[in-house]
Amino acid sequence: MVVAGMDLGAKAIKVVILSEKGVSAKVKLFPDLDMAQSARKALEEALVQSGTELHELKRIVATGTGRSAAPGKPALVTEPLADAKGIIALLPLTRTVIDVGAEEGRGVKITPQGEVVDFAVNEKCAAGSGAFMESMARSLELKIEDFGEISLKATQAVPMNAQCTVFAESEVVSLIHANTPKSDISRAVHDATASRIAAMTRRVGIEKEVALIGGVAYNPGFVEALKRTLSLETLLIPDHPDFIGALGAALIAYEQAVN
Amino acid sequence: MILDFPQLISQWETLPVHVFTAHEKGEILTIGAGTASGAVSGAIQGTASGAVTEHWKWPEQSNVDLSMDWKKAARITAGIDVGSVSSQAVVLLDGKLYAWSSVRTGSSSPDSALKALNQALKNTDLTLEKIPYVVGTGYGRVNVPFAKKTITEIACHARGANYMGGGTIRTILDMGGQDCKAIHCDEKGKVTNFLMNDKCAAGTGRGMEVLADLLRIPIQEIGPLSLKVEEEPPPVSSVCVVFAKTEAIGLLKSGWPVEKVLASYCLAMAERVTALLNRIGVEKDFFITGGIAKNIGVVKRIERILGISALNSALDSQIAGALGAALFANALLEKEERGKS
């Protein structure tokens, strides 16, 4: 039995194809403005990768901000539900999952069975999101993939006052003009983002183990900053952290198809 | 119950990720998703931010009243407002407006202050040495080296608005480059209460500049263009400037004409600042200062939401802070003189 999980995020669509034999496709697609067409294309590509025909697909479950645009009359689930299911399957010790995506940050408290106890979300403001990090990396003229590594070379903690992404850009430029090393500015940006995320997650209560998912989990500088802010010795990070929502959706699809 | 199916997640670590963009047919990368997403997002951002002309900046301006003669004045005073985006200088002769300017703030506040003053005095033979009292205000006020005193921009805006619009003004909305303030004042222009937003770019001039830059439309044309819609569209739903920018791109690509996007954006900004105003309450008369007072698209919408009109002034709304500072300088100088005699 083959099922699909789709996560239609602000920046990328992720698709996971599952069967009893395991995961057979992981596809990520950067959509254009036609979300529905992009989502259809993403699903088609995933079916090609897994060698599955459309009619073999028993069920599709979609999550993410753009989930209503998913093809094939899918069942829809919220992001916290999908995150919880996905992370508990990979890292069963997780009780708090922090998801930092392109335009949203989320803290979700979960049970050992992968059920959602409580969650907090920021989707109103770019501070504490991947968009903030990208904007700062651009101001510093650094590649986003190098940004985290560079922050780890910081020698001092420079305070950053601005929360707003737009104002933080100006502040970064002022720091550059004041000859502050890029590594120190990078660390300040990572610390500021981590403290926003930590404050949001504390609202639901932080219980160990804590896992980090979403695209920002690839950034080692952010991982260190978050560990520092939350005073954690270990922060669990699954393989392919940006696909956890899609995996969760696929697992929910499988459960629903079985019953 | 998913834990009953451990085989479902077999191959999770090893199976490669395939990454595509909707624009291209082909697959762009098949390696780790982390690096791929970074490279792609970088490329998309790169094309979006290549502006050459700086549409977002207000043109620099200056004016001098040549019917007045500074040599005959008993008291010459100046006010300098070093803002985050623009700086203004105002020169008064015996408490009456003589010359003013509005220039862009550079990376150095002292230089910007001097530039503003020189610009105001460029068509006169009056020089800084002959001005005995200068007051500095604005976010860069501590860096005006030739200022005798610094006064907050809130006090200065209220004082300036009182001069520009008269003693009946009780509520002032100052929409600056990086902040927005709602101020209550008495008949003498003395501040009685205020609220400000300086944490978030939404509802500030910076938000409008981001839009001007995105659409490549000169900032002074945004207001009039935004009023050219037959029917008012709903406001952009995002509060955050970063998200609103993305939303504006989406609306344009989906076929909205530019005027409609501008109308939607101006309305969102008007709603945002009226929320701040309503927290302290709006008492008549109402006056707007700062760069956004020159954006008729935002002003008209604020007036419609509040159900009252803002008082007009023949003077440029951006000089209110510097004018207030110069008026304080005049009063302080007068007091000094009285002390001596």
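Residues numbered from 1 in each chain as written. Chains lettered and ligands numbered in written order. Predicted model: local features only at pLDDT ≥ 70, side-chain atom pairs only at ≥ 80, totals over all residues. Heavy atoms only, no water.

1. Re the pairing of strand β8 (residues 116-122) of chain A
Side-chain positions along a regular strand alternate between the two faces of the sheet. Residue and element names in this part refer to chain A. Heads up, the condition is: Two strands are said to pair when DSSP picks up at least two bridges between them. Going along the chain from the N terminus, every DSSP run of H or I of four or more residues is numbered as a helix, and every run of E of two or more is numbered as a strand.
Across 6 bridges, the pairing between strand β7 (residues 105-110) and β8 is antiparallel. Across the sheet, the residue bridging to Ile110 is Val116, located in β8. Hairpin connection of β7 to β8: 5 residues between the antiparallel strands, including Gly114 at a positive phi of 85°.

2. Describing the packing of aromatic side chains
All names here are of chain B. The line we're drawing: Any Phe, Tyr or Trp ring, taking Trp's six-membered ring, that has another such ring centre within 6.5 Å forms a pair; planes under 30 degrees apart are called stacked, those over 60 apart edge-to-face, and the others tilted. Whether a charge sits over a ring depends on NZ of Lys or CZ of Arg being within 6 Å of the ring centre and within 35 degrees of the ring normal.
A full pass over the atoms with the stated rule returns 0 aromatic pairs over all chains. Lying over the aromatic face of Phe328, Arg159 brings its terminal NZ or CZ to 5.6 Å of the ring centre. Across the ring face of Trp256, the terminal group of Lys260 is positioned such that the distance to the ring centre comes to 4.2 Å.

3. Examining the environment of Arg216 of chain B
As a reminder, the rule being used: Burial status follows relative accessibility: with a 1.4 Å probe on protein chains alone, a residue under 20% of its type maximum counts as buried, one over 50% as exposed, and anything between as partly exposed.
With respect to the helices and strands, Arg216 of chain B occurs in the loop between α4 (205-215) and α5 (219-226). Taking the relative accessible area as the measure of exposure, Arg216 of chain B reaches 44% and is therefore partly exposed.

4. Some thoughts on the sheet that holds strand β12 (residues 286-289) of chain B
Residues and elements named next belong to chain B. Selection rule: Note on definitions: angles span 0 to 180 degrees between N-to-C directions of axes, and those axes are lines fitted to C-alpha atoms, for helices only across the stretch in contact. Residue contacts follow a heavy-atom distance rule, with two residues in contact if any of their heavy atoms lie within 4.5 Å.
Here we have 4 strands laid out as an open sheet, ordered β11-β10-β9-β12, and mixed in their pairing. The sheet terminates laterally at β11 (191-197) and β12, the two strands that pair on one side only. In this sheet, neighbouring strand axes are inclined to one another by 15° on average, regardless of whether the strands run parallel or antiparallel. As defined by bridge partners, strand β10 (residues 180-185) adjoins β11 across 6 bridges and the pair is classed as antiparallel. In the sheet register, Cys185 faces β11, and the bridge partner there is Val191. This element, helix α8 (residues 296-306), spans β9 (171-175) and β12 of the sheet and lies at about 155° to β12.

5. Concerning the domain arrangement of chain A
All names here are of chain A. Filter applied, for reference: Domain start and end points were adopted from an automatic or database domain assignment. In this description, buried area is defined as the sum, over both parts, of the accessible area (probe of 1.4 Å) that is lost when the two are combined. Think of a salt bridge as a Lys or Arg side-chain nitrogen and an Asp or Glu carboxyl oxygen that are within 4 Å of each other. Contacts described as polar in this section are N or O atom pairs within 3.5 Å, which, within protein, must combine one atom able to donate a hydrogen with one able to accept it, while residues neighboring in sequence count only if both atoms come from side chains. Residues are grouped as follows: Ala, Val, Leu, Ile, Met, Phe, Trp, Tyr, Cys and Pro are nonpolar; Asp, Glu, Lys and Arg are charged; all remaining types, including Gly, are polar.
Looking at the assigned domains, one finds that chain A contains domain 1 (1-91 + 239-259) and domain 2 (93-237). Here the C-alpha centroids of domain 1 and domain 2 sit 26 Å apart. Tallying the contact residues gives 17 residues for domain 1 and 27 residues for domain 2. Taken together, the two surfaces of domain 1 and domain 2 that pack against each other cover about 1600 Å², and 67% of this comes from carbon and sulfur. The interface formed by domain 1 and domain 2 includes 2 salt bridges. Among the ionic pairs, Lys11 bridges to Glu134, the shortest N-O distance being 2.8 Å. Taken together, the links from domain 1 to domain 2 amount to 6 residue pairs in polar contact (both at pLDDT 80 or more). Class assignment for the residues of the side of domain 1 that touches domain 2 results in 9 nonpolar, 2 polar and 6 charged.

6. Thoughts on helix α9 (residues 320-340) of chain B
All names here are of chain B. Rules: To estimate how far a helix should extend, the number of its residues minus one is multiplied by 1.5 Å.
With 21 residues, α9 extends 30 Å from end C-alpha to end C-alpha; this agrees with the ideal 30 Å at 1.5 Å per step. What α9 keeps buried is the set Ala320, Gly321, Ala322, Leu323, Gly324, Ala325, Ala326, Leu327, Ala329, Asn330 and Leu333. Its buried side turned inward, α9 meets β4 (76-82), β5 (86-93), β6 (96-104), β7 (133-137), α3 (153-165) and β12.

7. Quick look at the sheet that holds β7 of chain A
All names here are of chain A. With mixed pairing, 4 strands are arranged side by side in an open sheet as β8-β7-β6-β9. The open sheet is flanked by β8 and β9 (210-213), the only strands paired with a single partner. With strand direction ignored, the average angle separating the axes of adjacent strands in the sheet is 15°. Pairing between strand β6 (residues 96-100) and β9: 4 bridges, direction parallel. Across the sheet, Ile98 pairs through a bridge with Leu212, a residue of β9. In this fold helix α2 (residues 79-90) packs onto β6, β7, β8 and β9, with an angle of close to 60° to the strand it touches most, β7.

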